[in-house]
Amino acid sequence: MHVMAINGSPREERSATFHILDPLLEGMRAAGATTELVHLGHLQIKHCLGCFLCWVKTPGECVQKDDMSAVLERFIKADILIFGTPLYHYNVSGLMKNFIDRTLPIHEPWLVGDSEHPAWSRHPDRYPRNRSMLLVSPCGFPEFDYFVPLVQYFQYYAQKLGWKYLGEILRPAGEILTEEQYQQMFAWYYDLLRQAGKQLISQGQMTPEIQAGLRQDLIPGGTEAFREAANQHWMAAMARFGVSGKPPAQTE
Ligand SMILES: Cc1cc2nc3c(=O)[nH]c(=O)nc-3n(C[C@H](O)[C@H](O)[C@H](O)COP(=O)(O)O)c2cc1C
């Protein structure tokens, strides 16, 4: 079982996305999987030109010569693809969207009926294989609600590709995972991620208990306390540059 995780955060190893992916992959390796982690921010991947030459002139190959061809070669051989992306404006990061666009060569141009839903058209896979997909995403706000469009996108994406959707690991208020001084405090969360990784490999899914555990708040105190702490953080960050500012008074 080979797992490829793609980190779509431009912050690479400093990112909250990485702090979730790293223990998750560790758990997967402990259960016998081989894993690799691709930081899109380390690579040169140009945006898709929309020319379709990867379908008609050089089938399966993009005309642009950059790091994508090597990644795609490994991507098609993975059994589980983990899409790790920070939430950017309720969606994937630009790096991740760019990457997804550049996977166009793995599809064939033909329009055929979907095997499960013949009324739906789809492009056949150029390299058919049983693949599964997992979504991993941190965001800044403390509410899960912000992830609704992202989850729907990946569920839909998996369904249209004919891949199994393994679920999602979402981390609201995830920014704090990047703070080195709090790492010890989150040991319980990283342990749950390792367990989730093991389960995904050995059982093909995460138990409801693990999923519920991973949805617990990282910091106790609720939304009000979180807003207060976040606003203090931004004021202090601005002050370091000699910029003053404060949150507007709350209006109902
Ligand atoms: C351009 C941009 C857009 C963002 N949009 C959202 C958003 O819509 N909702 C949200 O809760 N957080 C948003 N955030 C905050 C990030 O999701 C958050 O800081 C996250 O922890 C970053 O993860 P990373 O360290 O893996 O990059 C945004 C951040 C940036 C830079």
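Here the residue numbering is sequential within each chain, running from 1 through the sequence in written order. Residues qualify for local features only when their pLDDT is at least 70, as the model is predicted, and side-chain atom pairs are given and counted only at 80 or more; totals for whole chains, interfaces and linings, by contrast, use all residues.

Here's the deal with the nonpolar core
Phase 1 of the analysis: Counting residues in hydrophobic clusters, the biggest one holds 48 residues, and the most contacted among them are Val3, Ile6, Ile20, Leu21, Ile82 and Phe83.
Phase 2 of the analysis: The leading source of residues in this core is helix α1 (residues 16–30), at seven residues. Throughout this description, the term nonpolar core refers to a group of buried Ala, Val, Leu, Ile, Met, Phe, Trp, Tyr and Cys residues whose C-beta atoms join them within 7 Å. Partly exposed residues are those whose C-beta has more than 12 but fewer than 20 other C-beta atoms within 10 Å; with 20 or more the residue is buried, with 12 or fewer it is exposed, and the C-beta atoms are placed from the backbone. Only DSSP runs of H or I reaching four residues or more are called helices, and only runs of E reaching two or more are called strands; each is numbered from the N terminus.

Section: the domain arrangement of the protein
Phase 1 of the analysis: Where each domain begins and ends follows an automated or database-derived domain assignment. Domain parsing of the protein yields domain 1 (2–219) and domain 2 (220–252).
Phase 2 of the analysis: Between domain 1 and domain 2, the C-alpha centre-to-centre distance is 32 Å.
Phase 3 of the analysis: Classifying every residue of the side of domain 1 that touches domain 2 by side-chain character gives three nonpolar, no polar and one charged. For this scheme, ten residues count as nonpolar: Ala, Val, Leu, Ile, Met, Phe, Trp, Tyr, Cys and Pro. Four count as charged, namely Asp, Glu, Lys and Arg, and the remainder, Gly too, count as polar.

Details of the sheet that holds strand β7 (residues 164–171)
Pairing between sheet strands relies on hydrogen bonds along the backbone, with the strands arranged either parallel or antiparallel.
Phase 1 of the analysis: Read from one edge of the open sheet, five strands run β2-β1-β3-β6-β7, paired in parallel fashion. Every other strand in the sheet has two partners, leaving β2 (34–39) and β7 as the edge strands with one partner each. Averaged over neighbouring strand pairs, the angle between their axes works out to 15° when direction is ignored.
Phase 2 of the analysis: Whether two strands pair depends on DSSP finding at least two bridges between them. Bridge count for strand β1 (residues 2–7) against strand β3 (residues 80–84) is five bridges, and the pairing is parallel. When the sheet's bridge partners are listed, Met4 is paired in β3 with Leu81.
Phase 3 of the analysis: Whether two residues are in contact is decided by their C-beta atoms, placed from the backbone, lying within 7 Å. Axis lines are fitted to C-alpha atoms, over the contacting stretch for helices. Their N-to-C directions set the angle, which ranges from 0 to 180 degrees. Strands β1, β2, β3, β6 (132–138) and β7 of the sheet are contacted by α1, whose axis makes an angle of about 175° with β1.

Remarks on the pairing of β1
Phase 1 of the analysis: With five of its six residues buried, β1 lies for the most part within the structure.
Phase 2 of the analysis: Sheet topology places β1 next to β2; six bridges connect them, and they run parallel. Bridged to Val3 within β2 is Thr35.

A look at the environment of Pro124
Phase 1 of the analysis: Looking at the secondary structure, you find Pro124 in the loop between β5 (121–122) and β6.
Phase 2 of the analysis: Residue class for Pro124 comes out exposed when judged on the 12 C-beta atoms lying within 10 Å of it.
Phase 3 of the analysis: Measuring from C-alpha to C-alpha, the distance between Pro124 and Met238 comes to 51 Å, with 114 residues separating the pair along the chain.
Phase 4 of the analysis: Discounting residues that sit within four places of it in the chain, Pro124 has contacts with Glu108, Trp110 and Val112.

Digging into the environment of Phe147
Phase 1 of the analysis: In this fold, Phe147 is placed in the loop between β6 and α5 (148–161).
Phase 2 of the analysis: Under the C-beta neighbour-count criterion, Phe147 is labelled buried, with 21 such atoms within 10 Å.
Phase 3 of the analysis: Considered as a pair, Phe147 and Pro172 are 25 residues apart in the sequence and their alpha carbons are 8.5 Å apart.
Phase 4 of the analysis: Beyond its immediate sequence surroundings of up to four residues, Phe147 is in contact with Leu87, Ser137, Cys139 and Leu170.

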